[in-house]
Amino acid sequence: ANGFGFTVSLQTNFTDTTDIDDFSAVLTFDNRDSNRICHSIPIKDDDIIEALTKRLSVVLNSSDPYMVISRGIAVISIVDDDFVAIGFEEDTYIVNEGAGKVTICATVEEGSRELGRDVIAELSVQNGTALDGEDFTSVAQTLIFNAATKTLCVEVEIVDNERLDSETKSFVVVLTSMDPAVNLSQNSISATVQIQDNDGGESFPAVAVTISLVV
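Residues numbered from 1 in each chain as written. Predicted model: local features only at pLDDT ≥ 70, side-chain atom pairs only at ≥ 80, totals over all residues. Heavy atoms only, no water.

## Considering the sheet that holds strand 8 (residues 101-108)
Whether parallel or antiparallel, the strands of a sheet pair through hydrogen bonds between backbone atoms.
Part 1 of the reasoning: Spatially, 5 strands are ordered 11-13-8-6-15 in an open sheet, and the strand pairing comes out mixed. Two strands lie at the open edges of the sheet, namely strand 11 (136-137) and strand 15 (182-184), each paired on one side alone.
Part 2 of the reasoning: Relative to strand 15, strand 6 (residues 84-88) is paired through 3 bridges, and the arrangement is parallel. Bridging from a neighbouring strand, V84 pairs with V182 of strand 15. (Pairing = 2+ DSSP bridges. Helix = DSSP H or I, 4+ residues; strand = E, 2+ residues; numbered from the N terminus.)

## As for the state of the cysteines
Part 1 of the reasoning: Tallying each qualifying case throughout the model produces 1 disulfide.
Part 2 of the reasoning: The disulfide partner of C105 is C153, and the S-S distance across this bridge is 2.0 Å. Here C105 and C153 share a disulfide; its torsion about the S-S bond, 100 degrees, makes the bridge right-handed. Placement of C105 in strand 8 and of C153 in strand 13 (residues 151-158) is noted, with a sequence separation of 48 residues between them.
Part 3 of the reasoning: Here C153 falls in the partly exposed class, since its relative accessible area comes to 42%. (Disulfide = S-S within 2.5 Å. Buried < 20%, exposed > 50% of the residue type's maximum accessible area, 1.4 Å probe, protein only.)

## Focus on the pattern of salt bridges
Part 1 of the reasoning: All told, the structure shown has 3 salt bridges when counted by the stated rule.
Part 2 of the reasoning: In this structure, R117 and D179 form a salt bridge, with 3.0 Å as the shortest nitrogen-oxygen distance. Placement of the pair is R117 in the loop between strand 9 (114-115) and strand 10 (119-126) and D179 in the loop between strand 14 (169-176) and strand 15, with a sequence separation of 62 residues.
Part 3 of the reasoning: Overall, R117 belongs to the buried group, its relative accessible area being 19%.
Part 4 of the reasoning: Its relative accessible area of 12% is what places D179 among the buried residues. (Salt bridge = Lys/Arg side-chain N within 4 Å of Asp/Glu carboxyl O.)

## Focus on the pairing of strand 6
Part 1 of the reasoning: Within strand 6, 5 of the 5 residues are buried, which leaves it mostly tucked inside the rest of the structure.
Part 2 of the reasoning: Taken together, the 3 bridges between strand 6 and strand 8 define a ladder with antiparallel strand orientation. Residue pairing in the sheet places F88 in a bridge with A106 of strand 8.

## Notes on the packing of aromatic side chains
Given two aromatic rings, one states the distance between the centres and the angle between the planes to describe the pair.
Part 1 of the reasoning: Applying the stated criterion across every chain, the model contains 1 aromatic pair.
Part 2 of the reasoning: Ring geometry for F136 against F171: centres 4.1 Å apart, planes inclined by 25 degrees, an arrangement best described as stacked. Here the residue F136 occupies a position in strand 11, and F171 occupies one in strand 14, the gap between them amounting to 35 residues.
Part 3 of the reasoning: Take F171: its relative accessible area is 0%, and that puts it in the buried class. (Phe/Tyr/Trp six-rings, centres within 6.5 Å; stacked < 30°, edge-to-face > 60°.)

Shown next as structure tokens:
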């Protein structure tokens, strides 16, 4: 034959159209063409945190009964490039030793991308001048943020001991994440908790003392 035509159709393996619209095109080869034709498929650059990689297939087919398509399916991977910033609400938390606990909150920061999936961060506690088991009870917790939950709080138990401390003691709460979509804010990747001592010195009743001079 002097030439033939075939249709390139796009079939996705997901139902949403946040990354690409349905697409089809007809590419016609004839004797005057080279054996290679390229066609661009537009990809949407959205602002949504979504699956790290989405895959879709491009299928070649032809109605020409004399043409055999030996490699008729190609897979396209779309890697998400959107990030979300997560940090503590406060840089410093101050708690009285007798309060029993302190509440630490981490949040998705203003201006971050829309969350189209869960994003994960890890919260942990590190000793400072305040020590785990003596001044507080350490915790380690996984924080899962999504479109409905953009702020998560964790309670750290404070130990009310009877020891008189000469200074305010502190420990550090830290955020980490292995999620490639999470950009931990450098200004709030950690927070300091200061524990104010509530143990004062013992007081004694006043005693009158009489001193007599003997000559």
